[in-house]
Amino acid sequence: ARVVRASGRHVHWQLQLTDDPDPAANALPGGTLLVSRGALAHLNSEAELAAVIAHQLAHLVMSHTDLKNASLPAHPEDGPIRSAQIDADEERQADSLAVRYVAQAGYDPRAVGSALAALHRAAALRCQQELARDDCDDAHDEDDPHPQRRARLARVALAAGSAGGELGRDRY
């Protein structure tokens with residue numbers, strides 16, 4: 001709720017935790033934010049969870065999840081069929097807004113980068129285990145709308161600066 005207040009927008013939203021072991025988070029049309037059990041397992045603080053929520057909230061605020069842009073699943077707990085309708089520019093916007101929302105909510109904005117890095121490491125590990133590939137850390141799926149990992153993390157780190165804030169590790 002802190003990051004929603006920090007957005008300065010009156011957005012109808014609902015957080016749902018999914019039982020998916022894969023690290024994932026999505027924003028659905030209508031204001032539902034999905035965060036998987038797998039994502040929670042790889043985050044290390046309340047601030048990192050706030051960062052994930054803030055990123056998905058940014059997609060809602062910027063109308064990236066309008067019905068014209070999304071494929072809806074038969075069951076919301078399954079998450080979107082594919083969110084590739086969101087493009088790399090929209091992902092960069094969501095990253096930038098997430099840094100702002102997290103900072104305005106009183107959390108350390110650097111948690112946005114650490115959350116993204118943690119989720120990327122988890123996805124790379126899963127890729128290595130399932131596909132027995134050595135290049136999973138640097139591989140980039142052509143259908144993936146997210147910006148390249150290194151450039152994305154650098155952009156988020158620059159936006160976050162050296163500002164401090166609450167991490168909430170004890171509460172997480």
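Structure's up top.
Let me sum up the structure you'll find in this document. All figures in this text were calculated on a predicted structure; none of them were measured in a lab.

### Topic: the pairing of strand 2 (residues 25–28)
- Burial along strand 2 is two-sided: Ala25 and Ala27 facing one way and Asn26 and Leu28 facing the other are all buried.
- In this antiparallel pair of consecutive strands, strand 2 and strand 3 (residues 32–36), the connection spans 3 residues, and glycine 30 shows a positive phi of 95 degrees.

### Observations regarding the pattern of salt bridges
- All told, the structure shown has 10 salt bridges when counted by the stated rule.
- Where arginine 2 meets glutamate 166, a salt bridge forms, and the shortest distance between an N and an O atom there is 3.0 Å. Separated by 164 residues along the polypeptide, arginine 2 in helix 1 (residues 2–7) and glutamate 166 in the segment after helix 6 (149–160) bring together distant segments of the chain.
- A relative accessible area of 26% places arginine 2 in the partly exposed class.

### Some remarks on the nonpolar core
- If you look at the biggest cluster of nonpolar residues, it comprises 37 residues, and the most contacted ones within it are Val3, Val52, Tyr101, Val102 and Val112.
- Broken down by secondary-structure element, the contributors of at least two residues to this core are helix 1, strand 2, strand 3, helix 3 (46–61), helix 4 (88–104), helix 5 (110–131) and helix 6.
- No other element matches the 11 residues that helix 3 contributes to this core.
- For valine 112, the residues in contact, after removing those within four places along its chain, are Ala51, Asp95, Ala98, Val99, Val102 and Val156.

About the thresholds
- Residues numbered from 1 in each chain as written.
- Predicted model: local features only at pLDDT ≥ 70, side-chain atom pairs only at ≥ 80, totals over all residues.
- Heavy atoms only, no water.
- Buried < 20%, exposed > 50% of the residue type's maximum accessible area, 1.4 Å probe, protein only.
- Helix = DSSP H or I, 4+ residues; strand = E, 2+ residues; numbered from the N terminus.
- Pairing = 2+ DSSP bridges.
- Salt bridge = Lys/Arg side-chain N within 4 Å of Asp/Glu carboxyl O.
- Core = buried A, V, L, I, M, F, W, Y, C linked by side-chain atoms within 4.5 Å.
- Contact = heavy atoms within 4.5 Å.

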